[in-house]
Amino acid sequence: MNKRYWWILAVYLIIQITSSLGVFCVMVMKQFRPVSDQQANVIISNWSIGIFIIGAFIVLLLLRNAPSTTYIDRQPKMAWTKSIWFIIGGVFVAFITQAITSTITAIINGGLEQSENTANLMGVLFENPLFIVLIVFVAPFLEEIIFRKVIFGALTNKMPVASAALVSAVIFAVIHFDFSYLLVYTGMGLVFAYFYYKTKRIYVSYAIHMLMNAVVALAGSLQN
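Residues numbered from 1 in each chain as written. Predicted model: local features only at pLDDT ≥ 70, side-chain atom pairs only at ≥ 80, totals over all residues. Heavy atoms only, no water.

Q: Give me the lowdown on the overall build of the chain, citing residues and values where you can.
A: Along the chain, the regular secondary structure elements total eight helices and zero strands. Each helix and strand of the chain, ordered N terminal to C terminal, gives the series α-α-α-α-α-α-α-α. Taking 2.2 N^0.38 as the reference for a compact globule, 224 residues should give roughly 17 Å; the C-alpha atoms of the chain span a radius of gyration of 18 Å, in line with that estimate. If one aligns the C-alpha atoms of the chain with their principal axes, the spans along those axes are about 55 × 40 × 30 Å. Looking at the chain residue by residue over its 224 residues, the buried ones come to 43%. Long-range contacts, defined as pairs at least 24 residues apart, comprise 78% of the intrachain contacts of the chain with a sequence gap of at least 6. By element, 70% of the accessible surface of the chain is carried by carbon and sulfur atoms, the whole surface being about 12,100 Å². (Helix = DSSP H or I, 4+ residues; strand = E, 2+ residues; numbered from the N terminus. Rg over C-alpha atoms; globule rule 2.2 N^0.38 Å. Buried < 20%, exposed > 50% of the residue type's maximum accessible area, 1.4 Å probe, protein only. Contact = heavy atoms within 4.5 Å. Areas by Shrake-Rupley, 256 points an atom, 1.4 Å probe, with all protein chains shown as cover.)

So, in C-alpha cells, the structure goes:
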C-alpha cells in the first residue's frame, strides 16, 4: 500500500478522535454553564460536520495523483455510461441485502429493533437538520475511500478478492459499533465492495452508499 493510503488512514483516525474530543469538551462545558441536551447535541453535531468536511478535503488532496498500487487500481475502469446502470441496480441489491440480513438478524435476536447506530443518527438529524450533510454526503465518501478503495483495495494484493471483500466488510461493520447489526453492516460492506470491484470506480459504490443513506434519512425524518 502506498504512503498516500497510509496517510489517508491516519487522517480518518484523527477525524474519529477529534470528533470524539468534541463530545468530551461539550460535556465538560455543561459543568460550567447551563446548556440543554438539545443545544449540546447541536454543538456536537456541528463540530462533527466541520471536522468530517475538513477531513474529506484533506483525503481528496491526498488522492490527487496517488500512484495505482492496488490490484483494483490497476484494472481498466468500466465506462461511466455503463456504470450508471450499476449504480441504479446496486441500490436495489443493497436494499434487498439489507432486508435479508435484517430478517436473519431478527430471527437470531428473537425480534427486530432499529439499529442503535441508525436511531442515534436519526435523533441527531431531528435536532439538527444540517446533519444531513454528514449522513448523506461526507460520511459515505470517507467510508468508501477508507474501507473500499484503501482497505479492500490493499487486501486484494494479498488475498483472493472474495476474501478481501469479506475482511474489509467485517471491519466496516465493526467500526459502526452496533454489534447486534453486525451481519447487516457486513452485508452492506460486501455489496459496496462488489460494485466497486465490478466497475473499478469508487464513485459507483459511493453513489450506492449515498443513495441508501439518503433514503434511510428521509424515511427517518418522515417518521419523526
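There's plenty left to go through after this.
Q: Help me get a handle on the packing of helix H6 (residues 161-174) against helix H7 (residues 182-199), residues and values and all.
A: Where H6 meets H7, the closest approach of the two axes is 8 Å, and the angle between their N-to-C directions is 135°. As judged from the angle between their axes, H6 and H7 are oblique. H6 and H7 meet at a crossing whose hand is right-handed. Where H6 approaches H7, its residues Val-161, Ala-165, Leu-166, Ala-169, Val-170, Phe-172, Ala-173 and Val-174 are matched on the opposing element by Leu-182, Tyr-185, Thr-186, Met-188, Gly-189, Leu-190, Phe-192, Ala-193 and Tyr-197. (Axes fitted to C-alpha atoms, helices over the stretch in contact; angles between N-to-C directions. Parallel < 35°, antiparallel > 145°, perpendicular 65-115°, else oblique. Left-handed = near helix turned anticlockwise from the far one by under 90°.)

Q: How would you explain the UniProt feature "domain: CAAX prenyl protease 2/Lysostaphin resistance protein A-like" (unreviewed entry) in the chain if you had to name every residue and give the values?
A: The feature "domain: CAAX prenyl protease 2/Lysostaphin resistance protein A-like" (unreviewed entry), as annotated in UniProt, sits at residues 129-215 in this numbering. A helix fraction of 80% and a strand fraction of 0% characterise residues 129-215, whose end C-alpha atoms lie 15 Å from each other. (UniProt positions renumbered as here; feature names shortened; annotations may be inferred.)

Q: So what's going on with the packing of aromatic side chains? Residues and values would help.
A: One pass over the structure, following the stated rule, counts eight aromatic pairs. With 5.5 Å between their ring centres and 70° between their planes, Phe-147 and Phe-172 make a pair best called edge-to-face. A residue pair is termed long-range when its members are at least 10 positions apart, and Phe-147 in helix H5 (residues 132-155) and Phe-172 in helix H6 qualify at 25 residues. With 6.4 Å between their ring centres and 90° between their planes, Phe-177 and Phe-179 make a pair best called edge-to-face. One aromatic cluster is present, built from ring pairs that chain together Tyr-12, Phe-147, Phe-172 and Phe-192. Above the ring of Phe-172, the side-chain terminus of Arg-148 is found at 4.5 Å from the ring centroid. Directly above the aromatic system of Tyr-197 lies the positively charged group of Lys-200, at a separation of 4.2 Å from the ring centroid. (Phe/Tyr/Trp six-rings, centres within 6.5 Å; stacked < 30°, edge-to-face > 60°. Lys NZ or Arg CZ within 6 Å of the ring centre and 35° of its normal.)

Q: Residues and numbers for helix H3 (residues 80-109), please.
A: Taking 1.5 Å per residue, 30 residues should reach 44 Å; H3 reaches 41 Å between its end C-alpha atoms and fits that length. Every buried residue belonging to H3 is among Ser-83, Phe-86, Ile-87, Gly-90, Val-91, Ala-94, Thr-97, Thr-101, Ser-102, Thr-105 and Ala-106, and all of these are buried. Looking one or two residues beyond H3, the residue adopting positive phi is Gly-110, at roughly 75°. (Expected span 1.5 Å × (residues − 1).)

Q: Explain the UniProt feature "transmembrane region" (unreviewed entry) in the chain residue by residue, including any values.
A: The positions UniProt marks with the feature "transmembrane region" (unreviewed entry) are residues 7-29, 41-63, 84-108, 128-147, 159-175, 181-197 and 204-222. As a span, residues 41-63 carries 100% helix and 0% strand, and end to end its C-alpha atoms are 32 Å apart. For the annotated span residues 181-197, helix accounts for 94% and strand for 0% of the residues, and the straight-line distance between the end C-alpha atoms is 24 Å.

Q: Tell me what's going on with the packing of helix H1 (residues 3-29) against H5, and back it up with residues and numbers.
A: The geometry of H1 relative to H5 is characterised by a closest axis approach of 11 Å and an angle of 145° between their N-to-C directions. The interaxial crossing formed by H1 with H5 has left-handed handedness. Taking contact as the criterion, the partners of Tyr-5, Ile-8, Leu-9, Tyr-12 and Ile-15 in H1 are, on H5, Leu-142, Glu-143, Ile-145, Ile-146, Phe-147, Lys-149, Val-150 and Ile-151. Considering only residue class, the contact of H1 with H5 consists of eleven nonpolar, no polar and two charged. (Nonpolar A, V, L, I, M, F, W, Y, C, P; charged D, E, K, R; others polar.)

Q: Describe the environment of Phe-177, and please don't skip the residues or the numbers.
A: By the secondary structure assignment, Phe-177 is in the loop between H6 and H7. For the pair Phe-177 and Ile-132, spaced 45 residues apart in sequence, the C-alpha separation works out to 20 Å.

Q: So what's going on with a nonpolar patch on the surface? Which residues, and what values?
A: Taken together, the side chains of Trp-80, Ile-84, Trp-85, Ile-88, Phe-92, Ile-96, Ile-100, Ile-104, Ile-108, Leu-183 and Tyr-203 make up a nonpolar region of the molecular surface, amounting to roughly 1,200 Å² of accessible area. Among the elements that line the nonpolar patch, the one with the most residues is H3, at nine residues. You can see Leu-183 is positioned in helix H7. What makes Leu-183 partly exposed here is its relative accessible area of 38%. (Patch = residues over 30% accessible without salt bridge, like charges linked within 9 Å, V, L, I, M, F, W, Y side chains within 5 Å. Salt bridge = Lys/Arg side-chain N within 4 Å of Asp/Glu carboxyl O.)

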